[in-house]
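Here's the letter readout for the chains.
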Amino acid sequence: MRHLARGIGRFQQEVFPAKSGAFAHLATHHAPHTLFIGCSDARVVPELITQSDPGELFVIRTAGNLVPAYAPRPDGIAASIEYAVAALGVRDIVVCGHSACGAMTALAEGHDLGTMPTTADWLRHADAARARTTAPGVDALVRSNVRAQLANLVTHPSVARALEQGAVGLHGWSYDIGSGRVEELTPTAQPAASPV
């Protein structure tokens, strides 16, 4: 915790004063241009990778960058997606997978998740990606998973409406931690959106 406290001190003494005008604006304005859905892996920092300033990205981080298909029930991820698209009016949505993803490694290598039943249950949201992956290895599953999560996004009514109106674009990325390289992934054909 001392490291975090020192970081807060540096932020308050060095970073905040240099950007005080921007923070004063952000105190009353919230208008991110992009919804960034990435993995909760500590090595994947959306603002660092994209060199974005505070207020530019609306970020959702989940294990395996998974986006459950829409279901009419209380769901924090669905609520965040809906808020970003319908209330904040983001213009782009990025789903970003990454190299050495623990979630995708566990699936690709068939790890025993018996001691982590909640994690095992969560990773079932990658079943479609596993079924569609034809090449061996974690990297192939990472890419297939990004595409599968983009398809899941289309099932969310707010996303389907925004796509129909041409108000939002969907993008799939694969980030390589070791090289810093970001690969744009072409989405596979997406299923028809559920009725809005």
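Each remark here, short or long, concerns the structure printed above.
Residues numbered from 1 in each chain as written. Predicted model: local features only at pLDDT ≥ 70, side-chain atom pairs only at ≥ 80, totals over all residues. Heavy atoms only, no water.

**Q** Would you mind showing me how to read a nonpolar patch on the surface here?
**A** Residues Phe11, Val15 and Phe16 make up a contiguous nonpolar surface patch of about 240 Å² in total accessible area. Here Val15 is to be found in helix H1 (residues 2-18). (Patch = residues over 30% accessible without salt bridge, like charges linked within 9 Å, V, L, I, M, F, W, Y side chains within 5 Å. Areas by Shrake-Rupley, 256 points an atom, 1.4 Å probe, with all protein chains shown as cover. Salt bridge = Lys/Arg side-chain N within 4 Å of Asp/Glu carboxyl O. Helix = DSSP H or I, 4+ residues; strand = E, 2+ residues; numbered from the N terminus.)

**Q** In this structure, what is going on with the sheet that holds strand E2 (residues 57-62)? I would like to understand it.
**A** In a beta sheet, neighbouring strands are held together by backbone hydrogen bonds and run either parallel or antiparallel to one another. Pairing is mixed across the open sheet formed by 5 strands, whose spatial order is E2-E1-E3-E4-E5. Pairing within the sheet leaves two strands with one partner each, and these edge strands are E2 and strand E5 (182-185). Mean inter-strand twist for the sheet, computed between neighbouring axes without regard to direction, equals 25°. The pairing of strand E4 (residues 169-175) with E5 spans 4 bridges and is antiparallel. Bridge pairing in E5 places Trp173 opposite Glu184. Sitting on the sheet, helix H4 (residues 76-87) is in contact with strand E1 (34-39), E2 and strand E3 (92-98), with an inclination near 165° to E2. Against the sheet, helix H8 (residues 138-153) contacts E1, E3, E4 and E5, and its axis sits at roughly 150° relative to E3. (Pairing = 2+ DSSP bridges. Axes fitted to C-alpha atoms, helices over the stretch in contact; angles between N-to-C directions. Contact = heavy atoms within 4.5 Å.)

**Q** Where do I start with the pattern of salt bridges in this structure?
**A** Two side chains of opposite charge can pair, provided their charged atoms sit close to one another. With the rule as written, the count across this model stands at 5 salt bridges. Among the salt bridges present, the one from Asp41 reaches Arg43, with a minimum N-O distance of 2.7 Å. A relative accessible area of 15% places Asp41 in the buried class. One salt bridge connects Arg181 with Glu183, and the closest N-O pair in it is separated by 4.0 Å. A single salt-bridge network, built from bridges that share partners, covers Arg143, Arg181 and Glu183. (Buried < 20%, exposed > 50% of the residue type's maximum accessible area, 1.4 Å probe, protein only.)

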